[in-house]
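Fold and contact review
What follows is each chain in one-letter form.
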Amino acid sequence: MHRSLCTFCSCLLCYSRAAGQHEPPPGMAYVPEHNATIGLAPGAVVDGFPEAGRYFVRSTPEFRVHIEGFYLDINEVTCRWYEEYLRDYPNAEIPRWWRSRKAPHGSGNKPVTGVSFGGASRFARWMGRRLPTEFEWEAAARYDPITPGLRRIWPWGDKWDANKCGSVEAPQRGHLR
């Protein structure tokens, strides 16, 4: 099965917190150690997202998992970063929608997509980081630093908003906000 670097959101890189490290590195946020709820309760209603049953069929039942603290990039991996990586590694995988080793005109600050899981892992190592695990990804997206212990369905809250993620319903823009 071919997995893409970008499915729901774009790729963010992470790494584990070093002993004694207290401040996040530039451009990264700290997701503290916590017990995260992963998945959804059977029959959960996802407000405003009519296709939820189709997309979340494998997300039930919800369960708890312990997450060690880690740092996560604040912004997605951009086409510009990936182009720089390609200059250092001429044999590295080119994103599926690029016609050459250079990012398409005007896409430099947009999230890179169309890279396999293996290609994304190699890029992360080049950056001195790693890809988050599935559980880290979901825990970070649902973690609310203002109300620890509570969780959100989406990174922005509990109501679906196609304008806040890279969905087919959203207008095409640069960085997602």
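To be clear, the structure that these remarks concern was listed above.
The residue numbering used here restarts from 1 in each chain and proceeds along that chain's sequence as written. In keeping with the predicted nature of the model, local features appear solely for residues at pLDDT of at least 70, side-chain atom pairs appear and are counted solely at 80 or more, and the whole-chain, interface and lining totals rest on all residues. The basis for the side-chain values is all heavy atoms of the structure; hydrogens and waters are excluded.

Describing the environment of Ala-120
- Tracing the chain through its elements places Ala-120 in helix 3 (residues 117-126).
- Sequence-wise, Ala-120 and Val-77 are 43 residues apart; in three dimensions their C-alpha atoms are separated by 9.6 Å. Numbering of helices and strands runs from the N terminus; a helix is a DSSP stretch of H or I covering at least four residues, while a strand is a stretch of E covering at least two.

Focus on helix 2 (residues 79-88)
- Whether a residue is buried, partly exposed or exposed follows from its accessible area with a 1.4 Å probe, protein chains only, as a fraction of its type maximum: under 20%, in between, or over 50%, in that order. Of the positions making up helix 2, those classed as buried are Cys-79, Tyr-82, Glu-83, Tyr-85 and Leu-86. Considered in projection along helix 2, the buried side chains sweep an arc of 160° and stay on one side of the axis.
- Where helix 2 is buried, its residues contact helix 3. The arc under discussion is defined with respect to the helix axis, by the directions toward the C-beta atoms. Every residue pair with non-hydrogen atoms within 4.5 Å of one another is taken to be in contact.

Quick word on the packing of aromatic side chains
- Any two rings among Phe, Tyr and Trp, with Trp reduced to its six-membered ring, count as a pair given centres within 6.5 Å; such a pair is stacked if its planes are under 30 degrees apart, edge-to-face if over 60, and tilted if neither. Counted under the stated rule, the structure contains ten aromatic pairs.
- Aromatic pair Phe-123 and Trp-126: ring centres 5.5 Å apart, planes at 40°, arrangement tilted. Taken as a pair, Phe-123 and Trp-126 lie in helix 3 at a separation of three residues, close to a single helical turn.
- On the basis of relative accessibility, which here comes to 2%, the residue Phe-123 falls in the buried class.
- Members of the aromatic cluster, connected to one another through ring pairs, are Tyr-82, Tyr-85, Tyr-89, Trp-97, Trp-98, Phe-123 and Trp-126.

Examining the nonpolar core
- Nonpolar core, defined: a set of buried Ala, Val, Leu, Ile, Met, Phe, Trp, Tyr and Cys residues in which side-chain atoms within 4.5 Å join the residues together. If you look at the biggest cluster of nonpolar residues, it comprises eleven residues: Val-77, Cys-79, Tyr-82, Tyr-85, Leu-86, Ala-92, Trp-98, Ala-103, Val-112, Val-115 and Phe-123.
- For this core, the leading source of residues is helix 2, giving four residues.
- Once residues lying within four places of it in the same chain are set aside, the contact partners of Ala-103 are Cys-79, Glu-83 and Trp-98.
- By size, the runner-up hydrophobic cluster in this structure holds nine residues, among which are Ala-36, Ile-38, Ile-67 and Leu-72.

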